[in-house]
Amino acid sequence: MNAIINYLKELFGGIKTLLTGMSVTGYYFVHPKAIITQQYPENRKTLKMFDRFKGEVTMPHDENNQHKCTACSICEINCPNGSIEVISKQVEKEDGKTKKELDIYKYHLDMCTFCGICIKVCPQDAIIFSQGFEHAVFNKAKLIKTLNKPGSSLKEKVKEVKEVI
Amino acid sequence: MEDLIITGPGIQDEEYIVNMGPQHPSTHGVLRLKIALKGETVERIEPHCGYIHRGIEKMCERLTYQQMIHLTDRMDYLSAHINNEAVCLLVENALQIEVPERVKYIRTILDELTRLASHELWWCAFGMDLGALTTYFYGLRDREPILDIFEETTGARLLQSFNVPGGLMNDIHPNFQKRVKEYITYFRKKLPEYDELLTGNVILQERTRDVGNLSLEDAISWGVTGPSGRASGFACDVRKHHPYSAYDKVDFNEILYTKGDSFHRYDARVREMWESLKILEQLIDNIPEGDYAVKMKPIIRLPEGEYYQRVEACRGEFGVYILSTGDKWPYRAKFRSPNFSNLSAINKMAAGFKIADLVAIGGSLDLVIPDIDR
Amino acid sequence: MAFNIYDLTSFNQSIDKFLYDNLPSFWAMIVEMTIIGVAFLLFYAVIGLFLVYAERKVCAFIQNRVGPNRVGPYGIFQTIADFIKLLMKEIIPIRKADQFLFNLAPFIVIIASFMAIAAIPFGLGLHAIDLNIGIFYVMAVSSLGVIGVLLAGWSSNNKYSLIGAMRSGAQIVSYELSVGLSMVTIVVLAGSMQLSEIVEAQRNGWFIFTGHVPAFIAFIIFMIASTAETNRGPFDLAEAESELTAGFHTEYSGIKFAFFFLAEYMNMFIVASIATTLFWGGWMPLHIGGWEGFNHVMDIIPPFFWYMGKTLVVIFLMMWFKWTFPRLRIDQLLKLEWKYLLPVNLFNLILMALVVLMKWHF
């Protein structure tokens, strides 16, 4: 007798657990409001990344086409993957002194791991992360970017130097 | 047809050798399991690793301690923040730096959020391994808000690299506390659904109970840690027994079972999610004011000697060993990854069970393959 | 009912008469067969495509997703696009495969499901062949598909495929029993094996209501066993993707894979049709005794729509199972059959016989 009771208990207990599971999935079937899918290319206009999002390294330029980079190469030294190349040139000033200036700031997006050390260590805050995330290209060479714009120059009077961590 | 018969040392006649992986839907990555079958029964399993070996330990020998951190993310990518913390704690302890209380709290909160996200992903993948495909989307749905919290504060969803020796990259975002609190109330409502959908389900119970048992002795001798080890009764929670960060200030239970079968490994993780919520609730309102990092020298040189630091990652004990010669980079770095030890016990667990059980056992171990190969 | 506007019998007979009057009887038969064949082929393709779309939408809503929504409004052309893709894909030849059997297997699977559809009454007069042993024929034909599965598994020369095929064999042999017995339960109640008569017997009430408890138990058992017979989740052991990658059809590509894929959905449709015919009154509208006005309103809806509506509900039930439950293990699958379903089924059959004898049914 006990065996039969156990048998039935097992049978109906099992069916009950199955119905509980089905009630969960059934609930979501009839509640389309629970859908969380973002329809990506359509919502591109309204899609806003968080302001700390690490998209890619960029160098902001002001309205006079000036940046803050002094070509000190601290970012290049600190980069773990060698994705930054700072190429500097010697420029002769009006007073006859030569000064090191940024020529090309090469950024290899294909090698970058977005660790954020370069931005952390930059004493001038010359580079920041932008929020762009659509990096797909057909040619790998396009991922090697020059961050300083052509004809740009160093912003004068960069006084306060941020402490290095 | 002769060339179809695999011969070689250790392969007996009448054995049906099946390669599970390196490309197989249930190995969650490029793990290769060479399985000797007899009918549907698994005779023995030979795991072959190394398909995603990237030489992280070797690479660390030429990177400074700040640069090393972003590589630790890429081992167990689901507990990225915890791995970072291990290196940071090691450096801080070696230099005897006391980090601010605020840093400790934030690190602990992020640790537990990482653990929740990881366990949610494990839960959905486990369901999918057993054929319940819907769980996958429910788990990912609940993991998404956590990733948003990470993204807002750390700037990245998965590989945060948010820890630096001496503190954190950045202070928490002003929205952080509000969002975490919202998430706790949200997930407290959703977590019972996990039990209704899968834990209580008679098919799951049948599939996992008494499958892949691992005794306490075996768990200890194979070094199975984390929820998998605790299901066998191995009290190995580093958070409890060797507290770091703010874990000594919170009250939580170490989930311990004795049987060590797949179901208890499953249940240990689900219960751990409740405990993580408990820890988060205790910490989130009490983050003390203060700095988010102490000032460190730009170049860190560890004094000569050997250092070891362990933390409780999502899958078990994660250890960092560093041998320093006083240089700015380590002479030798070694990572003790929990998955490697957990995987090694799979032959002990799965031999004698069916091939479908092997999938359940592998799922209940929650393997992350890049962590095995490093 | 004096006159049924939707009765197609006279229309069919007039076509039949017209053909036999104008053509030699041999050619008339050929033409008739061709018409029916083309009609079924079209029906088959449309239903197959629709079911794939429906399944994807249903599982998407269950999983908090939107599902296919790019090709056409609400993604309704998605399956057509997929089908064109499958048609254009390369058929990868397997060098070590048993070529003849390898190529034969998808056809066996699809022909088996195609044959079963012939005996199903879709409406009054919409019936290709009305065999007097209709149920028997459907059962026999629908289980032929397993031969194709076994052949596919064997001839692929792939270890996963072979394991999948073996599982499928064991599964269908055992579950055929439950399907048969639950059908027999209804045959006891209906007193006939002819499908049209079974439907006719449900004019004043569907068997699931008139047969109450035993019919309901039989329905549940039929649903479980037939889900297993169609190799659908939670009984999809033959193609268990997390264990055997894709089981018996791992090595198939292009249109041959599409055959397996379509056959799976058609089998689901056939099983649901049988469930509708046996338990839910086939194409019979819902009639409630004494409510004349209500019954008249119900009669206005064409029988074909009644039939499709009920079938789709049953199919939805099967999809709901699949997207909720984890997969069983092979020994548990057999345990479920031999320990639970079979004894309950036998007991249920006796109960039904008792109910019929004592006239306890409505």
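Being a predicted model, the structure only gives us computed values, none of them experimental.

By definition, the strands of a sheet pair up through backbone hydrogen bonds, in either a parallel or an antiparallel sense. Residue and element names in this part refer to chain B. If you trace the three strands from one edge of the open sheet to the other, you get β6-β7-β8, paired in antiparallel fashion. Edge positions in the sheet fall to β6 (305-313) and β8 (332-336), since each has one partner strand and no second. On average, adjacent strands in this sheet sit at an angle of 15° to one another, irrespective of strand direction. Two strands pair when backbone bridges link them, and strand β7 (residues 316-324) and β8 are joined in this way by five bridges, in the antiparallel orientation. By the bridge assignment, Leu323 is partnered in β8 with Arg332. On top of the sheet, helix α3 (residues 80-95) reaches β6, β7 and β8; it is set at about 145° to β6, its chief contact.

All names here are of chain C. All chains considered together, the criterion is met by 33 aromatic pairs over all chains. Measuring from centroid to centroid gives 5.1 Å for Tyr44 and Phe114, while their planes differ by 75°, and the two rings are edge-to-face. Remark: Phe114 occurs in helix α4 (residues 99-117) and Tyr44 occurs in helix α2 (residues 25-62); sequence separation between them is 70 residues. A ring pair is formed by Tyr252 and Phe260, whose centres lie 4.8 Å apart and whose planes are at 65°; its orientation type is edge-to-face.

For the rest of this paragraph, the subject is the packing of helix α1 (residues 2-29) of chain A against helix α14 (residues 303-322) of chain C. Look at α1(A) against α14(C): their axes get within 10 Å of each other, and the N-to-C directions meet at 115°. The hand of the α1(A)/α14(C) crossing is right-handed. Contact residues: α1(A) offers Met22(A), Thr25(A), Gly26(A) and Phe29(A), while α14(C) offers Phe316(C), Trp320(C) and Phe321(C). Looking at the contact of α1(A) with α14(C) residue by residue, the class counts come to five nonpolar, two polar and no charged.

Take the interface of chain C and chain B next. Taken together, the contacts link 28 residues of chain C with 38 residues of chain B. Summed over both partners, the interface of chain C with chain B comes to about 2900 Å²; 57% of that surface belongs to carbon and sulfur atoms. Asp357(B) is the salt-bridge partner of Arg329(C), the closest N and O atoms lying 2.7 Å from each other. Here chain C is connected to chain B by nine residue pairs in polar contact (both at pLDDT 80 or more). Every element with two or more residues in the side of chain C that touches chain B is listed here: α7 (159-190), α11 (241-244) and α15 (330-357) of chain C. The element best represented in the side of chain C that touches chain B is α7(C), accounting for five residues.

Moving on to the sheet that holds strand β1 (residues 16-20) of chain B. Read from one edge of the open sheet, three strands run β1-β2-β3 (chain B), paired in antiparallel fashion. Strand pairing shows two members of the sheet lacking a second neighbour, β1 and β3 (41-48) of chain B, which therefore form its edges. Across the sheet, the mean angle separating the axes of adjacent strands is 25° when strand polarity is ignored. The strands touched by helix α14 (residues 355-365) of chain B are β1, β2 (32-38) and β3 of chain B; relative to β2(B), the strand with the most contacts, the crossing angle is about 150°. Where α7(C) meets the sheet, it contacts β1 and β2 of chain B, and its direction lies at approximately 110° from that of β1(B).

Here we take up the domain arrangement of chain C. All names here are of chain C. Under the domain assignment used here, chain C contains domain 1 (7-88) and domain 2 (95-357). Contact with domain 1, which involves 24 residues of that partner, is made by 31 residues of domain 2. Approximately 2400 Å² of surface area, both sides summed, lies buried where domain 1 meets domain 2, with 82% of it carried by carbon and sulfur atoms. One can count one salt bridge joining domain 1 with domain 2. In this structure, Arg232 engages Glu55 in a salt bridge whose closest nitrogen and oxygen atoms are separated by 3.0 Å. Taken together, domain 1 and domain 2 are joined by four residue pairs in polar contact (both at pLDDT 80 or more). A total of 16 residues in the side of domain 1 that touches domain 2 trace back to one element, the largest contributor, which is α2. For the side of domain 1 that touches domain 2, the residue count by class is 17 nonpolar, five polar and two charged.

Our next topic: helix α5 (residues 134-142) of chain C. The set of residues buried in α5(C) consists of Gly134(C), Ile135(C), Tyr137(C), Val138(C), Met139(C) and Val141(C). In this structure, the buried side of α5(C) is in contact with α4, α6 (145-155), α7, α8 (195-201) and α12 (254-279) of chain C.

Moving on, we get to the side chain of Arg74(B). Along the chain, Arg74(B) turns up in the loop between α2 (65-72) and α3. Buried and unpaired, Arg74(B) has no salt bridge, with Asp73(B) as the nearest side chain of opposite charge at 4.1 Å. Reaching out from Arg74(B), the side chain makes a polar contact with the backbone oxygen of Thr113(A) at a distance of 3.0 Å. Polar side-chain contacts of Arg74(B) include one of 2.6 Å to the backbone oxygen of His70(B). If we skip the residues at most four places from it in the chain, Arg74(B) touches Thr113(A), Arg54(B), Ile56(B), Leu159(B) and Pro370(B).

Reading the values: rules and limits
- Residues numbered from 1 in each chain as written.
- Chains lettered and ligands numbered in written order.
- Predicted model: local features only at pLDDT ≥ 70, side-chain atom pairs only at ≥ 80, totals over all residues.
- Heavy atoms only, no water.
- Pairing = 2+ DSSP bridges.
- Helix = DSSP H or I, 4+ residues; strand = E, 2+ residues; numbered from the N terminus.
- Axes fitted to C-alpha atoms, helices over the stretch in contact; angles between N-to-C directions.
- Contact = heavy atoms within 4.5 Å.
- Phe/Tyr/Trp six-rings, centres within 6.5 Å; stacked < 30°, edge-to-face > 60°.
- Left-handed = near helix turned anticlockwise from the far one by under 90°.
- Nonpolar A, V, L, I, M, F, W, Y, C, P; charged D, E, K, R; others polar.
- Buried area = accessible area lost by both parts, 1.4 Å probe.
- Salt bridge = Lys/Arg side-chain N within 4 Å of Asp/Glu carboxyl O.
- Polar contact = N/O pair within 3.5 Å; in protein donor to acceptor, adjacent residues only side chain to side chain.
- Domains from an automatic or database assignment.
- Buried < 20%, exposed > 50% of the residue type's maximum accessible area, 1.4 Å probe, protein only.
- Lys, Arg positive; Asp, Glu negative; His and termini not counted.

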